[in-house]
Amino acid sequence: MMRSDALTELDALAQGLLGARSTPRSPQFMPVDVFRVDDQYVIHADLPGMDPGSIDVNMGRGVLTLTAHRTAPAEERVQWLTSERFSGSYRRQITFGDDIDPDRITANYDNGVLTVTLPLDQRALPRQISVEGKGAEPLEVSATTDEQQRVGS
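Now for a description of the structure that goes with this document. (Residues numbered from 1 in each chain as written. Predicted model: local features only at pLDDT ≥ 70, side-chain atom pairs only at ≥ 80, totals over all residues. Heavy atoms only, no water.)

### With respect to the overall build of the chain
Scanning the chain from N- to C-terminus turns up 2 helices and 10 strands. Helices and strands in the chain line up, N terminus first, as β-α-β-β-β-β-β-β-β-β-β-α. The buried share of the chain, taken over its 153 residues, is 27%. When the accessible surface of the chain is totalled, it reaches about 10,700 Å², and 51% of it is carbon and sulfur. (Helix = DSSP H or I, 4+ residues; strand = E, 2+ residues; numbered from the N terminus. Buried < 20%, exposed > 50% of the residue type's maximum accessible area, 1.4 Å probe, protein only. Areas by Shrake-Rupley, 256 points an atom, 1.4 Å probe, with all protein chains shown as cover.)

### Examining unusual backbone geometry
Notably, Arg77 is not glycine yet its phi reads approximately 55 degrees, a positive angle. Looking at the element boundaries, Arg77 is found in the loop between β5 (63-70) and β6 (88-95). You will see that Asn111, though not glycine, has its phi angle at about 50 degrees, which is positive. When you line up the elements, Asn111 lands in the loop between β7 (106-110) and β8 (113-119).

### Considering the pattern of salt bridges
In this structure the tally under the stated criterion is 1 salt bridge. Across the pair Asp101 and Arg104 runs a salt bridge whose closest N-O atoms are separated by 3.0 Å. On the basis of relative accessible area, Asp101 is assigned to the buried category, the value being 16%. (Salt bridge = Lys/Arg side-chain N within 4 Å of Asp/Glu carboxyl O.)

### A short note on the packing of aromatic side chains
Enumeration over the complete set of coordinates arrives at 1 aromatic pair. In this structure, Arg36 packs its charged tip against the face of Tyr41, placed 5.9 Å from the ring centre. (Phe/Tyr/Trp six-rings, centres within 6.5 Å; stacked < 30°, edge-to-face > 60°. Lys NZ or Arg CZ within 6 Å of the ring centre and 35° of its normal.)

Okay, structure coming up:
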């Protein structure tokens, strides 16, 4: 199960519409693509021009937090003609739940795109369980780990 942090997105939308705590050079949005491939989730986040050292990827209690910072260029003796590249801090949170294996999460930053791979915990994956009956051949039953725990209790 995966969902975006609605409050963070609502706050960003309100700031953009109302101009609250926003300057012309402050960041407005971190676009992301989130998808599942086999036994892992993959996130692509657009963060062009970021110093890789300023990017932080944190997973806690099923919530992935992405933060990054782009430093504003020095403005001494500068007469801006156009200023469309945002600077400042970016933050995005996405909730996945407890089925992620936090020890196997990887992150890579290449050509302005942060890619985060979140493998599912192997214990959360469905698996076949052999059920033996008296005087019959074994039956194959598919169950998830949660179902196995309820049945075994």
